[in-house]
There are 2 protein chains.
Amino acid sequence: MGVTLKQLAASLGLSPTTVSRALNGFPEVSAATRQRGEEAAARANYHPNTRAKSLATGRAQAIAHVIPVSTSHEIVNPVFADFIAGAGETYARQGYEMVLRIVPDDAEAAAYRDLVARGSVDGVIVHGPRTRDRRIALLAELGIPFLVHGRTSDVNQPYSWLDINNQRSFHRATQFLIEFGHTRIALINGMAEMDFATRRRNGYLRALEQAGLTPDPALMRHAEMTEPYGYRAAQELVQLPEPPTAFLASSMIVAYGIRRGLSDMGLKLGRDISVITHDDELSYLPNDGDVPTFTATRSSVREAGRRAAAMLLQLVDAPDSGPLSALMETALVLGASTGPAPR
Amino acid sequence: MGVTLKQLAASLGLSPTTVSRALNGFPEVSAATRQRGEEAAARANYHPNTRAKSLATGRAQAIAHVIPVSTSHEIVNPVFADFIAGAGETYARQGYEMVLRIVPDDAEAAAYRDLVARGSVDGVIVHGPRTRDRRIALLAELGIPFLVHGRTSDVNQPYSWLDINNQRSFHRATQFLIEFGHTRIALINGMAEMDFATRRRNGYLRALEQAGLTPDPALMRHAEMTEPYGYRAAQELVQLPEPPTAFLASSMIVAYGIRRGLSDMGLKLGRDISVITHDDELSYLPNDGDVPTFTATRSSVREAGRRAAAMLLQLVDAPDSGPLSALMETALVLGASTGPAPR
DNA sequence: CGCAATCCCCAAACCGCTTTGGACAATCGC
DNA sequence: GCGATTGTCCAAAGCGGTTTGGGGATTGCG
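Bear in mind that the values here come from a model prediction, so they are computed numbers and not experimental data. (Residues numbered from 1 in each chain as written. Chains lettered and ligands numbered in written order. Predicted model: local features only at pLDDT ≥ 70, side-chain atom pairs only at ≥ 80, totals over all residues. Heavy atoms only, no water.)

Taking 1.5 Å per residue as the helical rise, helix 5 (residues 79-94) of chain A with its 16 residues ought to reach 22 Å, and the 23 Å between its terminal C-alpha atoms agrees with that figure. Counting buried positions along helix 5 of chain A gives 12 out of 16 residues, so the element sits mostly inside the fold. By the burial criterion, the buried members of helix 5 of chain A are A:V79, A:F80, A:A81, A:D82, A:F83, A:I84, A:A85, A:G86, A:A87, A:G88, A:T90 and A:Y91. On its buried face, helix 5 of chain A sits against strand 1 (62-69), strand 2 (97-104), strand 3 (123-126), strand 4 (146-149) and helix 12 (301-317) of chain A together with strand 2 (97-104) of chain B. Trailing helix 5 of chain A by a residue or two, A:G95 shows a phi angle of about 75 degrees, which is positive. (Helix = DSSP H or I, 4+ residues; strand = E, 2+ residues; numbered from the N terminus. Expected span 1.5 Å × (residues − 1). Buried < 20%, exposed > 50% of the residue type's maximum accessible area, 1.4 Å probe, protein only. Contact = heavy atoms within 4.5 Å.)

Take a look at the structure:
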């Protein structure tokens, strides 16, 4: 256990009040006393007990990240790791703690209520929003500052969020493929109930429509984003009577699967068939270099984590600074996986 | 903010003492009062304030996971996500909170000292141990219960850990390849300073030695486990004058890279060249099915998380239950990526 | 019926910090 | 020179729980 304020004060012949003020930069202590206090604190490796401090101040100095795990799929989305690393940087800088809750989706409401009732955190970040997500209404009702990583579509009340421009990204990517002469473009998307998947599909559909192309339901898939999912999708679609000449993938992992599926069929990316993927810039799946392997809609999810955390902390400091939102644009980076449609 | 104990007690016309006891199962309250208390608590959604409770009891009811991020590489190991999901299950069941710290490796010592001095947690889980890891000595000195996910090699004091049998896994995998006639086997390992990498290499070397084969330094690589790393390693090694006929990969991500590198060279896995990888059973990189794509040394890192958390909690409850350790064996599962050495 | 034991319950102290409301000197203004 | 500021410091009251040390009302027993 560490030194307590009382002990530290006693060792200096001062009252806890004075030492507390000295360390917290209040004006009513003399410069000499302040310095003495600071030196003693450093020497004793004194750090105020978090729980006592936050009990006294009413602020937990902690933010919760609630990560839903679908009870049916049990898949932990790998982008969380990088997002959280980004958020962690911000918290560290501002003296906040990060608490993590992994909750099965049938226990989410209870988890939020519990978190708020216990007062364990000052704010929460909501991960993996669905198209219709009841968590926003719940959190608003509970009256705790929160920020959504992503958005949801059917909520009428305002809320704070940070998202990438999914619709525009996929709209541009689709347009790009169309300009290359592709007319049959497959969309290998995330689970249908996820909000990002909906927006991406909308962007894709709109680009097709604007080009006068009719979308083919057989070319659109929704599922959890695993490597084998991409593999199977590629293999099956390529064997259609009228196969696609290009693929749009919702994540690098899926893109890997697609590439494997295609190359197993003897198709070469960028020549026989084109692939564009969304790239979250996960640190262990880099897609850079002079010519990235994949043409991609790129946006750093780690940077998103940093910014989301900063926004939430501002919200915690000043809840009336109102709903905050940030829409990050993605870059469409050209890689080796796209080319003109073969004829 | 939630209801306080005082308010709840007042609403029942009882003292806080009595209600506290009723809810915590102490014997000195009548059955009727206890029930009244419990019902009222449920109705009011009362949850004791975490900070107040732990201040009073001296227990934080929280565990920290400290995740080192190398300042030079900035890579967040993706296995953390699944490990943490497993640990989270255990914590949820036992009423513990999980706090996460992402720390640059030059700030680790400070992070641990801070954590302990503030008394924010009852125990910590150490991730990513290196071959020589000073953190073990530091934590022992700080006197906080801790458990290492993995092991370290140069520490003489006992400590608690949970690890997979890396050495035996790679020993068996290498043996298996040798029995298939492979004599030139490449090892595409993780970073040299990581303890798991050392152990895997040892297993590999011993198997070679036992078979009377001399290891070739040109066939052994160490680096951060990314996909492009596997890709480059495969491409370069295959072009050696005496190329390997088999690869041992330290993770699925690396194995994906290797496969891509090989198939770009026109080599087919399992026929022209063999690959065995370690498989952590990450949820989004499944390697199962009737015939898994990769022959692999398999062990669920999620299950490891569950068990590690349970062990640490036991250590927290009874610090004298002594250093605990668990060595999980891996399964060598046969997939489609291995076959007899071509001649 | 009287006294002790048993049941239930409560007041108050405490965990380690912050913060309010002074107290006491030294300094200032006139 | 004297009252009013100003500058420093401290005692005490919380924050929301748990826990110690009783205390009053029942019950049990002789």
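Before going further, it helps to spend a moment on the protein's contact with DNA strand D. A:T18, A:R21, B:L5, B:S20 and B:R21 are the nearest of the 27 residues found near DNA strand D. When the atoms of DNA strand D within 4 Å of the protein are grouped by moiety, sugar and phosphate amount to 54% of the total. Interatomic distance of 2.8 Å between a backbone N/O atom of A:S15 and a phosphate oxygen of DNA strand D. At 3.2 Å from a base oxygen of DNA strand D is found a side-chain nitrogen or oxygen belonging to B:T17. Counting residues per element, the ones that place at least two in the surface near DNA strand D are helix 2 (16-24) and helix 4 (50-57) of chain A together with helix 2 (16-23) and helix 4 (50-57) of chain B. Examining the composition of the surface near DNA strand D, we find that 4 residues originate from one element, helix 4 of chain B, more than from any other. (Near = heavy atom within 4 Å. Polar contact = N/O pair within 3.5 Å; in protein donor to acceptor, adjacent residues only side chain to side chain.)

Let us look at the sheet that holds strand 2 of chain B. Taken in spatial order, the 12 strands line up as 11(A)-5(A)-4(A)-3(A)-1(A)-2(A)-2(B)-1(B)-3(B)-4(B)-5(B)-11(B) in an open sheet, and their pairing is mixed. This sheet does not close on itself; its edge strands, each paired only once, are strand 11 (325-328) of chain A together with strand 11 (325-328) of chain B. On average, each strand axis in the sheet is inclined to that of its neighbour by 20 degrees, with strand direction left out of account. Summarising the sheet, strand 4 (residues 146-149) of chain B and strand 5 (residues 161-164) of chain B pair through 2 bridges and their orientation is parallel. Bridge pairing in strand 5 of chain B places B:V148 opposite B:W161. Docked against the sheet, helix 7 (residues 135-142) of chain A engages strand 1, strand 3 and strand 4 of chain A, running at close to 165 degrees with respect to strand 4 of chain A. Those strands touched by helix 7 (residues 135-142) of chain B are strand 1 (62-69), strand 3 (123-126) and strand 4 of chain B, and its axis lies near 165 degrees from that of strand 4 of chain B. (Pairing = 2+ DSSP bridges. Axes fitted to C-alpha atoms, helices over the stretch in contact; angles between N-to-C directions.)

So, about the domain arrangement of chain A. Residues and elements named next belong to chain A. Here the domain parsing of chain A yields domain 1 (5-47), domain 2 (62-164 + 301-328) and domain 3 (166-300). Here the C-alpha centroids of domain 2 and domain 3 sit 28 Å apart. Across the domain 2 to domain 3 interface the summed buried area is about 1,600 Å²; carbon plus sulfur atoms make up 50%. Seen at the junction of domain 2 and domain 3, the total is 0 salt bridges. Summed over the shared surface of domain 2 and domain 3, the result is 12 residue pairs in polar contact (both at pLDDT 80 or more). At 4 residues, the largest contribution of residues to the side of domain 2 that touches domain 3 is made by helix 12. (Domains from an automatic or database assignment. Buried area = accessible area lost by both parts, 1.4 Å probe. Salt bridge = Lys/Arg side-chain N within 4 Å of Asp/Glu carboxyl O.)

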